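# Coordinate analysis (summary)
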Amino acid sequence: MKILLWSRICFVVVWIIACMQAVLSELGVFPVAYVRLDATGQYVIQLVGIVLTLACIYVSLKWYKFSFVKRRMTNDIDARNYHQQGLFRVVVIAVPILYNLFLYYATLNSQLSFCFLISMLASVFCWPKEKP
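Before going into details, it helps to say that this report is about the structure given with it.

Turning our eyes to something else, we now look at the packing of aromatic side chains. Evaluated as defined, the whole model comprises 9 aromatic pairs. When the ring of Tyr104 is compared with that of Tyr105, the centres are 4.8 Å apart and the planes differ by 65°; the resulting orientation is edge-to-face. Counting every residue linked through ring pairs, the aromatic cluster contains Tyr58, Trp63, Phe66, Phe68 and Phe88.

Shown next, in the form of structure tokens:
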């Protein structure tokens, strides 16, 4: 039960950090567009953001369907193991959310904002549940 609580707290903290960063940047409290990059740098940041978003969303949403996770869940079907897997899903989906958000406000690259919104939408489906 403790791990379930921590995974839910982690989920809410990620959302709070994302909302606070967005609000404070839009209000001008945090600096905006403070990183200037050439075309190659912009391309690399966009590519990493897109690949990270797609990979982390896929892994976090399909986590319980992977064969090694299924094997572990059938061999050791206690609630603690299930909640640990849920915490891992939250951490995986938090990576593209924070990457895209912070780099969007650092560069004001619109593709990163779309990746951020897609990651936030996918994170809704990663809410840690009580029962397997």
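Moving on: the nonpolar core. If you look at the biggest cluster of nonpolar residues, it comprises 12 residues: Val14, Ala18, Ala22, Ile45, Ala94, Ile97, Leu101, Tyr104, Tyr105, Leu112, Phe116 and Met120. Looking at this core, the elements with two or more residues in it are helix H1 (2-27), helix H4 (79-107) and helix H5 (110-123). Looking at which element gives the most residues to this core, the answer is H4, with 5 residues. Residue contacts for Ala18: discarding those within four places in its chain leaves Ile97, Leu101, Phe116 and Met120.

Turning to unusual backbone geometry, a few remarks are in order. The backbone of Ala33 sits at a positive phi, close to 60°, despite the residue not being glycine. Along the chain, the position of Ala33 falls in the loop between H1 and helix H2 (39-61). For Ala33, a relative accessible area of 16% gives the class buried. For Leu108, which is not a glycine, the phi torsion comes out positive at approximately 55°. Along the polypeptide, Leu108 turns up in the loop between H4 and H5.

The rules behind each value
- Residues numbered from 1 in each chain as written.
- Predicted model: local features only at pLDDT ≥ 70, side-chain atom pairs only at ≥ 80, totals over all residues.
- Heavy atoms only, no water.
- Phe/Tyr/Trp six-rings, centres within 6.5 Å; stacked < 30°, edge-to-face > 60°.
- Core = buried A, V, L, I, M, F, W, Y, C linked by side-chain atoms within 4.5 Å.
- Buried < 20%, exposed > 50% of the residue type's maximum accessible area, 1.4 Å probe, protein only.
- Helix = DSSP H or I, 4+ residues; strand = E, 2+ residues; numbered from the N terminus.
- Contact = heavy atoms within 4.5 Å.

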